[in-house]
Amino acid sequence: MELCEEDFIRLSRYVKQNYGIDLSKKKQLITSRLTKMLLENGYRDFHCYVEDITAGRRPDLILPTLSRITTNYTYFQREREHFVYLNKTVLPELEKRHHTDRCLSIWSAGCSSGEEPYTISMYLLEYFSKFPVKWDTRILATDISDEMLEQAQNPVYTEDSLSALPEQWRNRYFTRRADGTYTVTQELRQNVIFRRFNLMDPIQFQRPFDLIFCRNVMIYFDQGTKDRLVKRFYHATVPGGYLFIGHSESLSKTDCPYQYLVPAIYKKM
Ligand SMILES: C[S@@+](CC[C@H](N)C(=O)[O-])C[C@H]1O[C@@H](n2cnc3c(N)ncnc32)[C@H](O)[C@@H]1O
């Protein structure tokens, strides 16, 4: 199936405007990854599909389209340096900041199948379990993909994806199933609230965040989209709060309102 230049431009523009994802250099990838899906949905060519998508006639095909051209790849304790910093620097600060309300405000934005928010949660549970009075350590985890959120809320993980975790934590927070895969315990599950959220939408949550994780998500966005999103994150961060991004990502030096601290960690001063 062929994707002509005009349809490619219309599709890229639509996806960028609505989902932030930059497809401008991905014509080949779109053709190779979407052809099967189009045929399964009765399309004989890209033109009718692009017409339907851009006219909003096939909203059911949007997320399957995005999931074929982006990746949901993730695993527990990915980029371990972030969790070392979280434990040593951020959590002691949060403990001081919230010693009266004992309620944290943490967001995993682009959480995929849940490994990132569950990892943050394990650190929170471990850190705050030493206090005699209970802390509210629930965190918000969002993604655009219903399929990923479904997996996150009915979690089944392979041994491989858990391999970076200490054995003690594997025993404490996971249950091994008969087929050798793992599910997470109720305690951990109750500590994460999953919601569908498109990062292109206005950020209107109840409270500003002490900490936002948005790692390996903005890789799909062009510089302008990234800059605008970072500014919206900034407004949704408490003074003294943090933004963690992926180690392979970078923020614009001139346009970033946060202060750079160490690789992939920024603070609102
Ligand atoms: C590679 S995963 C990153 C998972 C995790 N944060 C990590 O670093 O391991 C990227 C996730 O971003 C999500 N995503 C992409 N565009 C998005 C958007 N516009 N709004 C919300 N989530 C988006 C994808 O669905 C995917 O699950």
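Along every chain, residues carry numbers that run from 1 in the direction the sequence is written. Given that the model is predicted, a residue must reach a pLDDT of at least 70 before its local features are reported, and side-chain atom pairs must reach 80 or more before they are shown or counted; all residues, however, enter totals for whole chains, interfaces and linings. Computation of side-chain values covers all heavy atoms of the structure but excludes hydrogens and water.

**Q** Break down the pattern of salt bridges for me, citing the residues and quoting the values.
**A** Should a side-chain nitrogen of Lys or Arg be within 4 Å of a carboxyl oxygen of Asp or Glu, the pair is scored as a salt bridge. Following the criterion strictly, the structure yields 18 salt bridges and no others. Ionic pairing is found between Arg 215 and Glu 116, a salt bridge with its closest N-O pair at 2.8 Å. Of the two residues, Arg 215 sits in the loop between β6 (209-214) and α10 (223-235) while Glu 116 sits in helix α6 (residues 115-128), which places them 99 residues apart along the sequence. Burial classes follow relative accessibility: with a 1.4 Å probe on protein chains only, a residue under 20% of its type's maximum area counts as buried, one over 50% as exposed, and anything between as partly exposed. Overall, Arg 215 belongs to the buried group, its relative accessible area being 5%. Measuring nitrogen to oxygen at the nearest pair gives 2.9 Å for the salt bridge that ties Arg 138 to Asp 136. Put simply, DSSP H or I for four residues or longer makes a helix, DSSP E for two residues or longer makes a strand, and each gets a number counted from the N terminus.

**Q** Mind laying out the domain arrangement of the protein chain, listing which residues take part and the relevant values?
**A** The parts lose accessible area when they come together, and the size of an interface is often stated as this lost area. Where each domain starts and ends comes from a domain assignment, either automatic or drawn from a database. In terms of domains, the protein chain is made up of domain 1 (5-69) and domain 2 (80-267). Taking only C-alpha atoms, the centre of domain 1 and the centre of domain 2 are 30 Å apart. For this analysis, residues touch if any pair of their heavy atoms sits within 4.5 Å. Counting from both sides, the interface comprises nine residues of domain 1 and, opposite them, ten residues of domain 2. Both faces considered, domain 1 and domain 2 share a buried interface measuring about 800 Å² in area, 57% of it formed by carbon and sulfur atoms. Interface area lost by domain 1 to domain 2 is led by Tyr 19, Gly 20 and Leu 63, which between them contribute 47%. Once two parts are brought into contact, the accessible area they lose, counted with a 1.4 Å probe and summed over both, makes up the buried area.

**Q** Just give me the short version of α10, but keep the residues and values in it.
**A** How far a helix is expected to stretch is found by multiplying one less than its residue total by 1.5 Å. In this model, α10 (13 residues) spans 19 Å end to end at C-alpha, consistent with the 18 Å of a helix rising 1.5 Å per residue. Within the span of α10, buried status applies to Thr 225, Lys 226, Asp 227, Leu 229, Val 230, Phe 233 and Tyr 234. At its buried positions, α10 is contacted by α1 (5-19), β1 (106-109), β6 and β7 (237-245).

**Q** Would you mind going over the side chain of Lys 268 in detail, with residue names and values included?
**A** Of note, Lys 268 is situated in the segment after β9 (265-267). In this charge count, Lys and Arg are treated as positive and Asp and Glu as negative; neither His nor the chain ends contribute. Asp 210 is the oppositely charged side chain nearest to the buried, salt-bridge-free Lys 268, at an N-O distance of 11 Å. Whenever two N or O atoms come within 3.5 Å, that pair is a polar contact, provided that in protein one can donate a hydrogen and the other can accept it, and provided that, for residues adjacent in sequence, both atoms are side-chain atoms. One polar contact links the side chain of Lys 268 to the main-chain carbonyl oxygen of Thr 237, over a distance of 2.9 Å.

**Q** Pulling in residues and values, what's your account of the site of the ligand?
**A** Throughout, near means a residue has at least one heavy atom within 4 Å of the molecule or strand. Around the ligand, the surrounding shell holds 20 residues, and the nearest of these are Thr 74, Arg 78, Gly 110, Asp 143 and Asn 216. In this structure, an oxygen atom belonging to the ligand sits 2.6 Å away from a side-chain N or O atom of Thr 74. The side chain of Asn 198 places a nitrogen or oxygen atom 3.1 Å from a nitrogen atom of the ligand. The Shrake-Rupley method, run with a 1.4 Å probe, gives the accessible areas here. Residue values count only the displayed protein chains as cover. In the complex, 98% of the free accessible area of the ligand, which totals 600 Å², lies under the protein chains. Classifying every residue of the shell around the ligand gives eight nonpolar, eight polar and four charged. Residues are grouped as follows: Ala, Val, Leu, Ile, Met, Phe, Trp, Tyr, Cys and Pro are nonpolar; Asp, Glu, Lys and Arg are charged; all remaining types, including Gly, are polar.

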